[in-house]
Amino acid sequence: MRSAQAGDAAAYRSILSSTRDWLMRFFARRIAEALVDDLVQDVLMSVHAKRATYDPARPYYPWLAAIARYRWIDALRRFRPEVELGDYDAPVASDEEAVLSRLSLDNLLAHLPDAQTNAIVLVKIEGRSTIEAARITGQSESLIKVNVHRGLKKLAALVESE
Amino acid sequence: MNMTNDLDHLIDRLAADATPVRVQRDSRGRLMLALIAGAIFAFVATTLGVRPDLLNQSAENERYLALGLLSILALASGYHAIRVARPQVGAPAPGLGWLVAALAILPILALATILAEPRRIGEMAVAPGLRCLEFGLICGTATLAYLAFWLRRGATVRPHQAAWLAGLCGGAVGAIGVTLECGEPSLLHLDIWHVAVVPAMAIFARFVLPPLLRWR
C-alpha cells in the first residue's frame, strides 16, 4: 500500500485485488450473499478515496477491517429488502455461506434484545418485508421498523465502542 | 461472473487513478494542534495578560492543579482525536474517562464547599461566570475547528467518539486560556465556571460534529 500511496499503479492494482478477495471472505460471514458484491465495491471505493489515511508504518488489514465494518453498518442501514431483493435471489437457508453469515451475525446480535435481533435478521439479512417479519414475529409492522432502527443504532454503537 | 468483471473493472479504474497522495500523518496533526493551542495561549497572554500570581508562582496550589489537569486532558484528548481520524480497530482512547472523572473532582469539591459554607455561594456569581464560560468557549473554538477539519479530512470510523474527543480537547484548551487570564480570586469560580467550558464544548461537539464526520 505504501507504493500505491506513492502512485505505483501496478502495486495498487495488486493490493486492491488482494483487498477484494479479503473483503469477499469478510462480508460472506456478515451480510446476505446477494449484497456482498455491492458492499465490496463500496469498500474498494472508500479505500481509494481514503488511502491517504493509511499509515504505512502499520499493518494494512486492521485499517481495512475498520473501514469494512464501518461500511457494513452503512449497508445494513441502507438495505431495503422490498426493492433490492427479488424472490429469485433471496439467500437459501441450506447454503453454507448463508448459514455462516447467520451464525456470525447472531454472535454480534447477541448483544441486542431478542425483538431487535429478530427484526434485523428477518428484514435486513433475510430480505423479508416488514409485513412478513411482523407476521412471523407477532410484532406490529411499526414495531418491526422501530426495532430495526433501534437495533442498527445499537449495533453501530457496539462496533464503535469495540 | 458479471459482478466479478465489474469488480475487476473497478480495480483497473482505481489503479489507473493511482496518483500519489500525501499520507495524513498523526505527527503533523499533533504538531499543528500544538501550534494552534500555543498561539491561543500566546494571544491571551499578550492581549489580556496572564494572572500575576501565576507568573510569580504565588497562586494557590489548587489553581496549578486545575491547570495541570486541564493540560493533561488537552494533551490526551488531542492525541487521541488526531489518532481516531484513521480507520482502526481497538479502543480509541483508553483511560480518558478516568481523566475526565479526575477533572470532575474540581466542581464536586466546589459544590461540597458551598454545602459546607453556604455564605460563599456569592463567589460563584453568574455574570462573571458566564463571561468566563463564553471567553473559554471562544478560546477553544480554533482548536475544535482544527480537529473537525482534521477528522473530516481523515476517515474516522467512530464519529461520535471523535466528536467527544475533539470537544474535550477544545474545551480543555479554552479552559486553560481563561484560567490563565481570569482575575477572579475565588477558586470556586474556577472550579465551576472555568471547568464548565470542557463539558460545554464537548456536548456541543458531540451533537454538531458527527454528521460532518461521516463519509462514504
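Novice: A description of helix H5 (residues 96-116) of chain B should follow, citing residues and the corresponding values.
Specialist: Residue and element names in this part refer to chain B. Between its first and last C-alpha atoms H5 spans 31 Å; for 21 residues at 1.5 Å apiece the expected length is 30 Å, and the two agree. When H5 is considered as a whole, its buried residues turn out to be Leu96, Leu99, Leu103, Leu106, Pro107, Ala110, Thr113 and Ile114. Close packing links the buried residues of H5 with helix H4 (61-83), helix H7 (159-181), helix H8 (187-194) and helix H9 (197-213).

Novice: Which residues make up the confidence of the model for chain B, and what are the values?
Specialist: All names here are of chain B. Of the residues in chain B, 97% have a pLDDT of 70 or more, and the chain-wide mean is 90. Here helix H1 (residues 2-16) stands out as the least confident element of chain B, with mean pLDDT 81; H9 is the most confident, with 95. For this predicted complex, the interface confidence comes out at an ipTM of 0.78, alongside a pTM of 0.79.

Novice: Describe helix H2 (residues 26-47) of chain B, with residues and values.
Specialist: All names here are of chain B. A rise of 1.5 Å per residue sets the reference length of H2, with its 22 residues, at 32 Å; its end C-alpha atoms lie 31 Å apart and thus fit the reference within 8%. Turning to H2, its buried residues number three or more, namely Asp26, Gly29, Leu33, Ile36, Ala37, Ile40 and Val44. The arc that holds the buried residues of H2, viewed along the axis, is 95°, so those residues lie on one side. Exposed and facing more than 90 degrees away from the buried side of H2 are Ser27, Leu31, Leu35 and Thr46. Contacts from the buried residues of H2 go to H4, helix H6 (126-153) and H7. Positioned one or two residues after H2, glycine 49 has a phi angle of 85°, which is positive.

Novice: So what's going on with a positive patch on the surface? Residues and values would help.
Specialist: Among the surface-exposed residues, Arg77, Arg150, Lys153 and Lys154 of chain A together with Arg214 of chain B lie close enough to one another that they form a single positively charged patch. Among the elements that make up the positive patch, the one with the highest residue count is helix H9 (residues 141-161) of chain A (three residues). Along the chain, arginine 77 of chain A turns up in helix H4 (residues 60-78). Using a relative accessible area of 35% as the deciding quantity, one classes arginine 77 of chain A as partly exposed.

Novice: Give a description of the nonpolar core that names residues and reports values.
Specialist: Residue and element names in this part refer to chain B. Core analysis: the largest hydrophobic core is formed by 60 residues, its most contacted members being Leu73, Leu96, Leu103, Leu147, Leu151, Val198 and Leu209. Going through the elements one at a time, H2, H4, H5, H6, H7, H8 and H9 are the ones with two or more residues in this core. Counting residues per element, this core draws most heavily on H7, which supplies twelve residues. Among all residues touching leucine 209, those that are not within four sequence positions of it are Leu144, Ala148, Ala163 and Ala166.

Scoring rules and cut-offs
- Residues numbered from 1 in each chain as written.
- Chains lettered and ligands numbered in written order.
- Predicted model: local features only at pLDDT ≥ 70, side-chain atom pairs only at ≥ 80, totals over all residues.
- Heavy atoms only, no water.
- Helix = DSSP H or I, 4+ residues; strand = E, 2+ residues; numbered from the N terminus.
- Expected span 1.5 Å × (residues − 1).
- Buried < 20%, exposed > 50% of the residue type's maximum accessible area, 1.4 Å probe, protein only.
- Contact = heavy atoms within 4.5 Å.
- pLDDT = per-residue confidence, 0-100.
- Arc of directions from axis to C-beta.
- Patch = residues over 30% accessible without salt bridge, like charges linked within 9 Å, V, L, I, M, F, W, Y side chains within 5 Å.
- Areas by Shrake-Rupley, 256 points an atom, 1.4 Å probe, with all protein chains shown as cover.
- Salt bridge = Lys/Arg side-chain N within 4 Å of Asp/Glu carboxyl O.
- Lys, Arg positive; Asp, Glu negative; His and termini not counted.
- Charge placed at Lys NZ, Arg CZ, Asp CG, Glu CD.
- Core = buried A, V, L, I, M, F, W, Y, C linked by side-chain atoms within 4.5 Å.

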